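# Geometric and topological summary
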Amino acid sequence: MNTSMKRRTLLKVILLGDSGVGKTSLMNQYVYKKFSQHYKATIGADFVTKELHIEEKLVTLQIWDTAGQERFQSLGGAFYRGADCCVLVYDVNVPRTFDTLNNWRDEFLKQADPTNVEGFPFILVGNKIDVDGGNSRVVTERQAREWCASKGNLPYFETSAKENYNVDEAFLCVADIALNNEHQQDIYFQGISETVSEVEQRGGCAC
Ligand code: GDP
Ligand code: MG
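Here goes a summary of the coordinates provided. (Residues numbered from 1 in each chain as written. Chains lettered and ligands numbered in written order. Predicted model: local features only at pLDDT ≥ 70, side-chain atom pairs only at ≥ 80, totals over all residues. Heavy atoms only, no water.)

## Here's the deal with the overall build of the chain
Note the threshold: Secondary structure counts use DSSP, requiring at least four H or I residues in a row for a helix and at least two E residues in a row for a strand, with both numbered from the N terminus. The rule is simple: take the accessible area with a 1.4 Å probe, protein chains only, and divide by the maximum for that residue type; under 20% is buried, over 50% is exposed, in between is partly exposed. In what follows, a contact means two residues having at least one pair of non-hydrogen atoms within 4.5 Å. Here the accessible surface of atoms and residues is derived via Shrake-Rupley with a 1.4 Å probe, and residues count as covered only by protein chains that are part of the display.
Helix and strand counts for the chain stand at 7 helices and 6 strands. Listed by position from the N terminus, the elements making up the chain come as α-β-α-β-β-α-β-α-α-β-α-β-α. A total of 207 residues make up the chain; the buried ones form 42% of that total. Within the chain, counting contacts between residues at least 6 apart in sequence, those at least 24 apart form 73% of the total. Total accessible area on the chain is roughly 11400 Å²; 50% of this is exposed by carbon and sulfur atoms.

## Structural notes on helix α2 (residues 23-32)
Those residues of α2 that fall on the buried side of the exposure criterion are K23, L26, M27, Q29, Y30 and V31. In the stretch just after α2, K33 is the one whose phi turns positive, near 55°.

## Let's talk about the sheet that holds strand β6 (residues 156-158)
To keep things clear, this is the line we draw: At least two bridges found by DSSP between two strands are what make those strands a pair. For every element, the axis is a line fit to its C-alpha atoms; helices are fit only across the contacting stretch, and the angle between N-to-C directions ranges from 0 to 180 degrees.
As summarised here, the arrangement of the 6 strands in space is β2-β3-β1-β4-β5-β6, forming an open sheet in which the pairing is mixed. One side of each edge strand has no neighbouring strand; the edge strands of this open sheet are β2 (47-54) and β6. Ignoring which end each strand starts from, the neighbouring axes of this sheet average 25° apart. Relative to strand β5 (residues 122-127), strand β4 (residues 85-91) runs parallel, the two being bridged by 6 bridges. Bridge pairing links V89 to V125 in β5. Relative to the sheet, helix α5 (residues 101-112) contacts β1 (10-16), β4 and β5, its axis offset from that of β4 by approximately 160°.

The following block contains the structure:
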């Protein structure tokens, strides 16, 4: 089977987390290299895209941001459907945004219903580490890493969308783990189709 023919390089990435943690700002910093202090509800397109090269492969990240509906937890099926990676974002200065991570993760798994629940690529981002020079921080790096460990060793990044700190690194990791996940699925589907053709060769019925 020619696996290169069916390999997608379009990766759907979704950003989840409480309102105000900086999801839109991280996306704007990563894609447009822009930051705004002024809070404005996300409007317009469902997603933005960014192309990058990974190991001589052209990868298009399709990044889905909420339009402020996360407040009501009514994001709808289209938002979650077919996601290749889910970026969970919290604000290191606001404990509630860390406490709700479990809910966001559960909601994602329920709505997106991925084939590999155990190994689905999530990544955790602790944003706004610049605020007050780090003095108003309440969630420690250790707490965050412990949470990641408890969910199957998720990658963790501490970022500042404002100062453009660690933003590229976080999204590069997103692309890496999403690609890797696709590869695993290729192997899985290849396994299925081989089983099917074996059955066909034997004359149809396996029972
Ligand atoms: P969203 O609701 O998760 O999309 O959050 P936004 O991206 O709209 O950000 C909410 C507010 O936090 C805005 O006023 C941003 O300017 C601000 N903000 C976002 N990221 C950072 C950051 O890294 N540092 C600081 N100091 N402010 C940030
Ligand atoms: Mg937003």
